[in-house]
Amino acid sequence: MFDNLTGRLGDVFSKLKGRGSLSEKDVDEAMREVRRALLEADVALPVAKSFIDKVRTRAIGHEVLKSVTPGQQVIKIVHDELVEMLGGAEADTSISLRAAAPVVLMMVGLQGSGKTTSTAKIAKRLTGRDKRKVMMASLDTRRPAAQEQLKVLGEQVGVATLPIVAGEQPVAIARRAVEAARLGGFDVLMLDTAGRIHIDEELMGEVAEVRDIANPHETLLVADSLTGQDAVNVAQSFTGEVPLTGVVLTRMDGDARGGAALSMRYVTGKPIKFAGTGEKL
């Protein structure tokens, strides 16, 4: 997914590598190319601008322009800043289960972002790889057959789902799910919340109510990487309303640009915990 961006940056850096000395003008020219490469990769404009500003400040410093290998130094600075933007070399991107059982994981995001499929994928991983006893519960009473979809996925991956009660509202479902997970001795409870076509007060109010009842240990924002710039707007809206602990980027196999990953990490300040590819569980 990052091949295009890597290729573009490689072209920029190949011009710098052989140079015995660099001027401020050379650095500015290279930064313009890097900025263009980031924007073409669908990195949000404010994110690209901030990134370039940081790199330029370091790149026109004394240690680079006076260095024996200035081109290599600039490449290292860009590399270091990219690593930093994605959370640093030591970033912890694992799901945290260090809490009293049942540990609640809440999935939030817009409708169609891949929340339900991602919920089942993560549940399968927690069950198979981490040997945890997991229950899933669908709080989506708006999208037709959303609850049935999670039930079917649960059967496919061998994970228990909360029995569906017709007409029950999301907050009541959350309360019942927490109680059922506790009584059933489950290690993890995954709540698949309802999404909307766009951000609205009703959606945020519902997510906040569920949060207050379930007290999730992890709240993961599921976003479709294909939405590019719009994924950033979604991230900002949720970050302002709900304390997120991580991001799940879906459809990563369908996007040749990959800029959403850089933008989401920068905007939310939270790690990308999972990258989803395909419908298969």
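Shown above is the structure to which this text applies.
Quick caveat, the model's predicted, so the values are computed rather than measured.

Chemist: I keep staring at the packing of helix H1 (residues 3-17) against helix H5 (residues 70-85) and nothing clicks. Help me out?
Modeler: A packed helix pair is summarised by two numbers, namely the angle formed by the two axes and the spacing between the axes. Running from amino to carboxyl end, H1 crosses H5 at an angle of 150 degrees, the nearest separation of the two axes being 8 Å. With respect to H5, the element H1 is oriented roughly antiparallel. Read as a crossing pair, H1 and H5 show a hand that is right-handed. Together, Leu9, Phe13, Leu16 and Lys17 of H1 and Gly71, Gln72, Val74, Ile75, Val78 and Leu82 of H5 make up the contact between the two elements. Classifying every residue of the contact of H1 with H5 gives 7 nonpolar, 2 polar and 1 charged.

Chemist: Just checking my understanding: could you explain the side chain of lysine 115 for this structure?
Modeler: In this fold, lysine 115 is placed in helix H6 (residues 115-128). Here lysine 115 occupies a buried position and makes no salt bridge, while the nearest side chain of opposite charge, aspartate 192, is found at 5.1 Å. Within the local environment of lysine 115, its side chain forms a polar contact with the backbone oxygen of glycine 109, the two atoms lying 3.2 Å apart. When residues no more than four places from it in sequence are discounted, the contact partners of lysine 115 are Met107, Val108, Gly109, Leu110, Asp192, Thr193, Ala194, Gly195 and Val222.

Chemist: Any chance you could explain the sheet that holds strand S1 (residues 103-108) here in plain terms?
Modeler: The strands making up a sheet are joined through hydrogen bonds of the backbone, oriented either antiparallel or parallel. Spatially, 7 strands are ordered S3-S2-S4-S1-S5-S6-S7 in an open sheet, and the strand pairing comes out parallel. The open sheet terminates on both sides in strands that have one partner only, identified here as strand S3 (160-161) and strand S7 (272-275). Where S1 and strand S4 (residues 188-192) come together, 5 bridges link them in parallel fashion. From the neighbouring strand, methionine 107 faces S4, where its bridge partner is aspartate 192. In the packing of helix H8 (residues 170-183) onto the sheet, contacts are made with strand S2 (134-138) and S4, and the angle to S2 comes to roughly 165 degrees. Relative to the sheet, helix H11 (residues 259-268) contacts strand S5 (218-224), strand S6 (246-250) and S7, its axis offset from that of S6 by approximately 160 degrees.

Analysis parameters
Residue positions are counted from 1 within each chain, in the order its sequence is given. With pLDDT at 70 or above as the cut-off, local features in this predicted model cover only qualifying residues; side-chain atom pairs require 80 or more to be listed or tallied, and sums for whole chains, interfaces and linings still use all residues. Processing note: side-chain calculations cover all non-hydrogen atoms of the structure and skip hydrogens and water entirely. The angle between two axes is taken between their N-to-C directions and runs from 0 to 180 degrees, where each axis is a line fitted to C-alpha atoms and a helix contributes only its stretch in contact. The way it works is that DSSP assigns letters per residue, a run of H or I at least four long becomes a helix, a run of E at least two long becomes a strand, and they are numbered from the N terminus. In what follows, roughly perpendicular refers to angles from 65 to 115 degrees, roughly parallel to angles under 35, roughly antiparallel to angles over 145, and oblique to any angle outside these ranges. In this scheme, a crossing is called left-handed if the near helix is turned counterclockwise away from the far one by less than a right angle; it is called right-handed if the turn is clockwise. Note on definitions: a residue-residue contact is assigned when non-hydrogen atoms from the two residues lie within 4.5 Å. Basically, the charged four are Asp, Glu, Lys and Arg, the nonpolar ten are Ala, Val, Leu, Ile, Met, Phe, Trp, Tyr, Cys and Pro, and anything else, Gly included, counts as polar. Exposure classes here rest on a 1.4 Å probe applied to the protein chains alone. A residue is buried below 20% of its type maximum, exposed above 50%, and partly exposed in between. Only four residue types enter the tally: Lys and Arg on the positive side, Asp and Glu on the negative side; His and the chain ends are excluded. Salt-bridge detection follows one rule: a side-chain nitrogen of Lys or Arg within 4 Å of a carboxyl oxygen of Asp or Glu. Identification of polar contacts relies on pairs of N or O atoms within 3.5 Å, with a donor-acceptor requirement for protein atoms, meaning one able to donate a hydrogen and the other able to accept it, and with residues adjacent in sequence counted only if both atoms are side-chain atoms. Pairing between strands is defined by DSSP: at least two bridges between the two strands are required.

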